[in-house]
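In case you want the letters, here they are:
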Amino acid sequence: MATRPSRDALVALEKTLAATYQDWQSRGLNLDMTRGKPNAAQLALSDALDGILGGDFKAADGSDLRNYGGLEGLPEARALFAPMLQVRPDEVLIGGNSSLTLMYTTVLFAWLHGPAGAGSAWRLEKDVKFLCPVPGYDRHFAICEDLGIGMVPVAMDEHGPDMDAVERLIQADPSIKGIWCVPRFSNPSGVVYSDAVVERMARLGTVAAKNFRIFWDNAYSVHALHDTAPPLASLMDACRRHGTEDSVYVFGSTSKITFAGAGLAFMGASRANLGVICKHLGKSTIGPDKVNQARHVRFLRDEATLHAHMAKHAALLAPRFDAVLSALETELGGQGMGHWTRPEGGYFVSFDTLPGLAATVVALAAAAGVKLTPAGATWPGGKDPQDSNIRLAPSFPAVDDIRTAMAVFTCCVKLATVRAWLQGG
Ligand code: PLP
């Protein structure tokens, strides 16, 4: 534990920090660390997608990519992405360009039609809730909000969600119909779920209601910053051991592999679950964009090529994460002004201020020209009861801009903390 400076020292520190902060304010900065977007150099890694077909529009089975059909996706694309989802190729559906759309659609189908046929529709229940490990991904929470689904926060630690709480809540409350999980390099904490957590997740299907589903959003499945980052156990394999394959939907996309917005989205699910999804999906489309699927298959080819491609992303992202982490360490290390994660992959660093200061820090940074994800965004309803979590997204800005943004951020954390201490906080 750091010892807090004396009151006189705090008064002096506040003066110096306020002067530094004013100096930052006078510089007219306009920096943005809000969203986990790939940077331009990352996008350029996949420019060869354009034109890669060279006029050859034949799928592996000889069919015409340009025509209708193939609701579940091209077999060669399903085979390529199955390992990413840790499911079998026949358990993969490839559709559209956004996994978020697939998640929204899946929740909507479960609500309207039910995840398991007649009588399983969530709309027939008195109440529907999702467990939301926190801090978590704001767009997951937004889906629930949009559809009027209640949200129950569950704490995360370095192994994943608090599984004692998850099991207790599910057994006590049958209105809980789902849980949002980002199991590898969680958004925003970077946590990789431990084998024990994956195993307990797989067992949920033995105690939960028949129409309960785990939404396993493996958005960062292959997005490690280095080769020795912790792997993730396969949830579907664990489910097979427990006979709970129907309790899980897996999601992923190439948004942060090729083009964010012009990539491929996929889901993995048991054949029974895919059957239900396809029954309803088939009413809204005659088939996906197979031309883009073929482009991705020819570009990413196999697991080794995909791995080599992701290493190029890592080379571009690692210096950006280093810039964030070294600023935090240098400026805030050992001072008791907050703590933060040191992710080995994914797109975010999660920072916790002392309780009650996150909104102040975000507002101070904004007034100095550094936009951060709004305080509270990592909690359901945008309300962090501790007002302490801030998500830092270093992927998009240039390294020099990150250094500047982090100098402002750490100054804001120090200023807010010192002022709180002076007020007896
Ligand atoms: N899931 C998570 C956890 C994310 O962090 C993101 C984007 O930041 C997405 C999904 C969005 O994925 P997609 O582009 O496939 O819709």
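Look up a bit, the structure's there.
Conventions and cut-offs
Residues numbered from 1 in each chain as written. Predicted model: local features only at pLDDT ≥ 70, side-chain atom pairs only at ≥ 80, totals over all residues. Heavy atoms only, no water. Helix = DSSP H or I, 4+ residues; strand = E, 2+ residues; numbered from the N terminus. Rg over C-alpha atoms; globule rule 2.2 N^0.38 Å. Buried < 20%, exposed > 50% of the residue type's maximum accessible area, 1.4 Å probe, protein only. Areas by Shrake-Rupley, 256 points an atom, 1.4 Å probe, with all protein chains shown as cover. Lys, Arg positive; Asp, Glu negative; His and termini not counted. Charge placed at Lys NZ, Arg CZ, Asp CG, Glu CD. Polar contact = N/O pair within 3.5 Å; in protein donor to acceptor, adjacent residues only side chain to side chain. Contact = heavy atoms within 4.5 Å. Arc of directions from axis to C-beta. Pairing = 2+ DSSP bridges. Axes fitted to C-alpha atoms, helices over the stretch in contact; angles between N-to-C directions. Near = heavy atom within 4 Å. Parallel < 35°, antiparallel > 145°, perpendicular 65-115°, else oblique. Left-handed = near helix turned anticlockwise from the far one by under 90°. Core = buried A, V, L, I, M, F, W, Y, C linked by side-chain atoms within 4.5 Å.

1. Topic: the overall build of the protein chain
Part 1 of the reasoning: A tally of helices and strands in the protein chain yields 13 helices and 13 strands.
Part 2 of the reasoning: Compactness check: the protein chain gives a C-alpha radius of gyration of 23 Å against a globular reference of 22 Å for 425 residues, within 12% of the reference.
Part 3 of the reasoning: Looking at the protein chain as a whole, 54% of its 425 residues are labelled buried.
Part 4 of the reasoning: As presented, the protein chain carries roughly 17700 Å² of accessible surface, and 54% of it is formed by carbon and sulfur atoms.
Part 5 of the reasoning: Mean positive and mean negative side-chain charge positions of the protein chain (40 and 43 charges, respectively) differ by 4 Å.

2. Section: the side chain of Thr 353
Part 1 of the reasoning: The topology assignment puts Thr 353 in strand β11 (residues 349-353).
Part 2 of the reasoning: Residue classification places Thr 353 among the buried positions, given a relative accessible area of 5%.
Part 3 of the reasoning: In this structure the side chain of Thr 353 is engaged in a polar contact, spanning 3.3 Å, whose partner is the backbone nitrogen of Ala 358.
Part 4 of the reasoning: Every residue in contact with Thr 353, bar those within four places of it in the chain, is listed here: Met 337, Gly 338, Ala 358, Val 361, Asp 387, Ser 388 and Ile 390.

3. Digging into helix α7 (residues 195-207)
Part 1 of the reasoning: Residues Val 197, Val 198, Met 201, Ala 202 and Leu 204 constitute the buried set of α7. Viewed end-on, α7 has its buried residues packed into an arc of 140°, placing them on one side of the element. Turned more than 90 degrees off the buried face of α7, the exposed positions are Asp 195, Ala 196 and Thr 206.
Part 2 of the reasoning: Looking at the buried positions of α7, the neighbouring elements they touch are β5 (160-161), α6 (163-172), β6 (176-181), β7 (213-217) and α8 (235-242).

4. Looking at the pairing of β7
Part 1 of the reasoning: Within β7, 5 of the 5 residues are buried, leaving the element largely enclosed by the surrounding structure.
Part 2 of the reasoning: A two-sided burial pattern is seen for β7, the buried positions comprising Arg 213, Phe 215 and Asp 217 on one face and Ile 214 and Trp 216 on the other.
Part 3 of the reasoning: Note: β6 against β7, 4 bridges, orientation parallel. Paired with Trp 180 across the two strands is Phe 215, which belongs to β7.

5. Topic: the pairing of β11
Part 1 of the reasoning: Of all 5 residues in β11, 5 are buried; the element is thus mostly enclosed.
Part 2 of the reasoning: Residues of β11 alternate between two faces, with Val 349, Phe 351 and Thr 353 on one and Ser 350 and Asp 352 on the opposite face, all of them buried.
Part 3 of the reasoning: When strand β10 (residues 338-340) meets β11, the two strands line up antiparallel, connected through 3 bridges. When the sheet's bridge partners are listed, Trp 340 is paired in β11 with Phe 351.
Part 4 of the reasoning: Where β11 lies against strand β13 (residues 389-392), 4 bridges are found, and the strand directions are antiparallel. Note that in β13 the partner of Asp 352 across the bridge is Asn 389.

6. Some thoughts on the sheet that holds strand β4 (residues 150-157)
Hydrogen bonding along the main chain pairs the strands of a sheet, whether they run parallel or antiparallel.
Part 1 of the reasoning: Here 8 strands make up an open sheet; going across it, the order is β2-β9-β8-β7-β6-β3-β4-β5 and the pairing mixed. Both outer strands of the open sheet, β2 (92-94) and β5, are each paired with one neighbouring strand and no more.
Part 2 of the reasoning: Each of β2, β3 (129-134), β6, β7, β8 (248-253) and β9 (265-269) is contacted by helix α4 (residues 99-112), which is oriented at about 155° to β8, the strand it contacts most.
Part 3 of the reasoning: The strands that α6 touches are β3, β4, β5 and β6; relative to β4, the one it contacts most, it runs at about 155°.

7. Comments concerning the site of the ligand
Part 1 of the reasoning: Taken together, the neighbourhood of the ligand is formed by 13 residues, with Ser 99, Asp 217, Tyr 220, Ser 255 and Lys 256 sitting nearest.
Part 2 of the reasoning: Within the contact set of the ligand, a nitrogen atom lies 2.5 Å away from a side-chain nitrogen or oxygen of Asp 217.
Part 3 of the reasoning: Side-chain polar atom of Lys 256 to an oxygen atom of the ligand: 2.6 Å apart, as the coordinates give it.
Part 4 of the reasoning: Taken by itself the ligand offers 400 Å² of open surface, and the protein chains cover 87% of this.
Part 5 of the reasoning: A per-element tally of the shell around the ligand places α4 first, with 3 residues.

8. With respect to the side chain of Ser 388
Part 1 of the reasoning: Relative to the helices and strands, Ser 388 is located in the loop between β12 (370-372) and β13.
Part 2 of the reasoning: The exposure class assigned to Ser 388 is buried, which follows from its relative accessible area of 9%.
Part 3 of the reasoning: What Ser 388 contacts, discounting residues up to four positions off in sequence, is Phe 351, Asp 352, Thr 353, Leu 354, Pro 355 and Ala 358.

9. Some details on the environment of Ala 358
Part 1 of the reasoning: As for its position among the elements, Ala 358 is in helix α12 (residues 358-367).
Part 2 of the reasoning: The class of Ala 358 is buried, set by a relative accessible area of 0%.
Part 3 of the reasoning: Distance in space between the C-alpha atoms of Ala 358 and Ser 175 is 32 Å, their sequence separation being 183 residues.
Part 4 of the reasoning: Apart from the residues lying within four places of it in its own chain, the contact partners of Ala 358 are Thr 353, Ala 375, Asp 387, Ser 388, Asn 389 and Ile 390.

10. Observations regarding the packing of α7 against α8
Part 1 of the reasoning: Orientation of α7 relative to α8, taken along the N-to-C sense of each, is 45°, at an axis distance of 8 Å. On the basis of the axis angle, α7 is oblique to α8. As for the relative orientation of α7 and α8, their crossing is right-handed in sense. Contact residues: Val 198, Glu 199, Met 201, Ala 202, Arg 203 and Thr 206 in α7; Leu 235, Ala 238, Cys 239, Arg 241 and His 242 in α8.

11. Focus on the nonpolar core
Part 1 of the reasoning: Grouped together as the largest cluster of nonpolar side chains are 104 residues, with contacts concentrated most on Tyr 193, Met 201, Ile 214, Trp 216, Leu 328, Leu 392 and Phe 409.
Part 2 of the reasoning: Of the residues forming this core, the biggest block, 14 residues, is contributed by helix α13 (residues 399-422).
Part 3 of the reasoning: Core analysis: the second largest hydrophobic core is formed by 28 residues, Phe 130, Phe 251, Ala 265 and Met 267 among them.

12. Describing the sheet that holds β11
Part 1 of the reasoning: Read across the open sheet, the 3 strands follow the order β10-β11-β13; overall the sheet is antiparallel. Unpaired on one side and paired on the other, β10 and β13 mark the two borders of the sheet. In this sheet, neighbouring strand axes are inclined to one another by 20° on average, regardless of whether the strands run parallel or antiparallel.
Part 2 of the reasoning: Along the sheet, α12 makes contact with β11 and β13, crossing β13 at roughly 40°.

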